[in-house]
Amino acid sequence: MEPPPHGPCARPGAGRAGSAGPRAVAHSTGIRCGRTLRRAGRAHGLTTLTGGHFGYALKAGARIEDSAVIYNESDEARTFHVYGADVTNAAGGGLAPAQEGQKMAAVGAWLKLDSEATVTVRPKSRATVRFSLAVPDGTPPGSYLGSLVTALRTPAVSGSVNTETRIARLVELTVPGAADLQVSLTELEHRPAGGGEEFTVTVRNTGNVLYTFAGTLNITGGSSARTVPLTPTGIYVIPGGSATLTGRVADLPALGRRAVTASVTATVPGGGAKTVDSNTVRLSFFPWLIAVLTVGGLLALGLILFITRKRRRAWLRRRAEERVALRALRRKLRAENPPADDPHAR
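The following paragraphs examine the structure supplied in this document. All values derive from a computational prediction rather than experimental measurement.

What follows deals with the overall build of the chain. Helix and strand counts for the chain come out as two helices and 21 strands. With 346 residues in all, the chain has 40% of them scored as buried. Long-range contacts, defined here as pairs at least 24 residues apart, represent 65% of the contacts in the chain between residues at least 6 apart. By element, 55% of the accessible surface of the chain is carried by carbon and sulfur atoms, the whole surface being about 19,800 Å².

Opposite charge on two side chains allows them to pair when their charged atoms are near. For the structure shown, the criterion picks out four salt bridges. One salt bridge connects Arg63 with Glu65, and the closest N-O pair in it is separated by 2.9 Å. Of the residues examined, Arg63 reaches a relative accessible area of 48% and is grouped as partly exposed. Among the residues examined, Glu65 registers a relative accessible area of 25% and is labelled partly exposed. In this structure, the salt-bridge partner of Glu198 is Arg248, at a minimum N-O distance of 3.3 Å. Note that Glu198 is positioned in strand 15 (residues 196-205) and Arg248 in strand 19 (residues 242-249), a separation of 50 residues in sequence. The class of Glu198 is buried, set by a relative accessible area of 15%.

On to the packing of aromatic side chains. Two aromatic rings, taken as a pair, are described by how far apart their centres are and by the angle between their planes. Tallied over the full model, the rule gives three aromatic pairs. Seen in terms of ring centroids, Phe54 and Tyr56 are 6.2 Å apart; in terms of plane orientation they differ by 25°. Their pairing is stacked. For Tyr56, a relative accessible area of 1% corresponds to the buried category. Cluster of aromatic residues (ring-pair linked, three or more members): Phe54, Tyr56 and Phe131.

Before going further, it helps to spend a moment on a positive patch on the surface. Together, Arg319, Arg323, Arg327, Arg330, Arg331 and Arg334 make up a positively charged patch on the protein surface. For Arg323, a relative accessible area of 44% gives the class partly exposed.

Our focus in this paragraph is the pairing of strand 10 (residues 125-134). Taken together, the 10 bridges between strand 5 (residues 63-72) and strand 10 define a ladder with antiparallel strand orientation. Within strand 10, the position partnered with Val69 by the bridge is Thr128. The pairing of strand 8 (residues 111-113) with strand 10 spans three bridges and is antiparallel. Within strand 10, the position partnered with Leu111 by the bridge is Leu133.

The rules behind each value
Residues numbered from 1 in each chain as written. Predicted model: local features only at pLDDT ≥ 70, side-chain atom pairs only at ≥ 80, totals over all residues. Heavy atoms only, no water. Helix = DSSP H or I, 4+ residues; strand = E, 2+ residues; numbered from the N terminus. Buried < 20%, exposed > 50% of the residue type's maximum accessible area, 1.4 Å probe, protein only. Contact = heavy atoms within 4.5 Å. Areas by Shrake-Rupley, 256 points an atom, 1.4 Å probe, with all protein chains shown as cover. Salt bridge = Lys/Arg side-chain N within 4 Å of Asp/Glu carboxyl O. Phe/Tyr/Trp six-rings, centres within 6.5 Å; stacked < 30°, edge-to-face > 60°. Patch = residues over 30% accessible without salt bridge, like charges linked within 9 Å, V, L, I, M, F, W, Y side chains within 5 Å. Lys, Arg positive; Asp, Glu negative; His and termini not counted. Charge placed at Lys NZ, Arg CZ, Asp CG, Glu CD. Pairing = 2+ DSSP bridges.

Right, here's the structure in full:
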């Protein structure tokens, strides 16, 4: 998760372990933040994420202390709410910190503030917030993600609602041990969309390490194979988390067959990678509308020919009957009115 470049934020301050990173200024709120940590000896861990996030490597049962600095560059005193939070995968992709007051189960519960959660900073001043991170005994090896959240609440004005601006610095914790990179995919599903087919598949992190991923749809059949990228890409999936990928295949044939498989590669930052494939969806295309119209036209033509032939037969039969009747009438008239020179007429 990348933090917003502006807004109230916590800066990792002088602590016992950490890493160095960029500084940022939030001119709109008058809050300035950055990251400049001293390290005693070797660092406990360096974050692979940008934006001056906290990164630690701690064994189960270990504890570390650090601090964040909040700058208020505005002309008014500002009150901030600071708290530790778990991080989960957001429904639309990416990561999101839990809301204040939610029950925390991992890093959000292990991160404790050494000061009050509400911090008031005078104009053009700063305040240091100290915290500790204690990993419980028996915590399994793996990657754990949390965040240190700083929230600025804006009082409601007449006719409006309360607003809250939050920025979260990620706390990436690695508990040393055997890394288990495990990736699973749900069934590849599809539906018609926009003149083509839209495919969706869900990636599940069933291992113990944080990773990013990229995926493609592999399409075979026809003259040549091709690939279509799945989105989103490059976002993090925490252990136990999941993310849904989508891809749209266009330019499908009116007649023919295609086979579609999703392929997803998960990559551990600074570590290994693993590729998994989904089930194969087989599509058959046939121009049903044209076929129905053609069959309908042929049936209509056949019906017309049948009716026409039937009417012609009836007409021919009537003509034949009329001829027979006409001949009979002529014979009758001759019998009733014989010619004058006919010897049998008397």
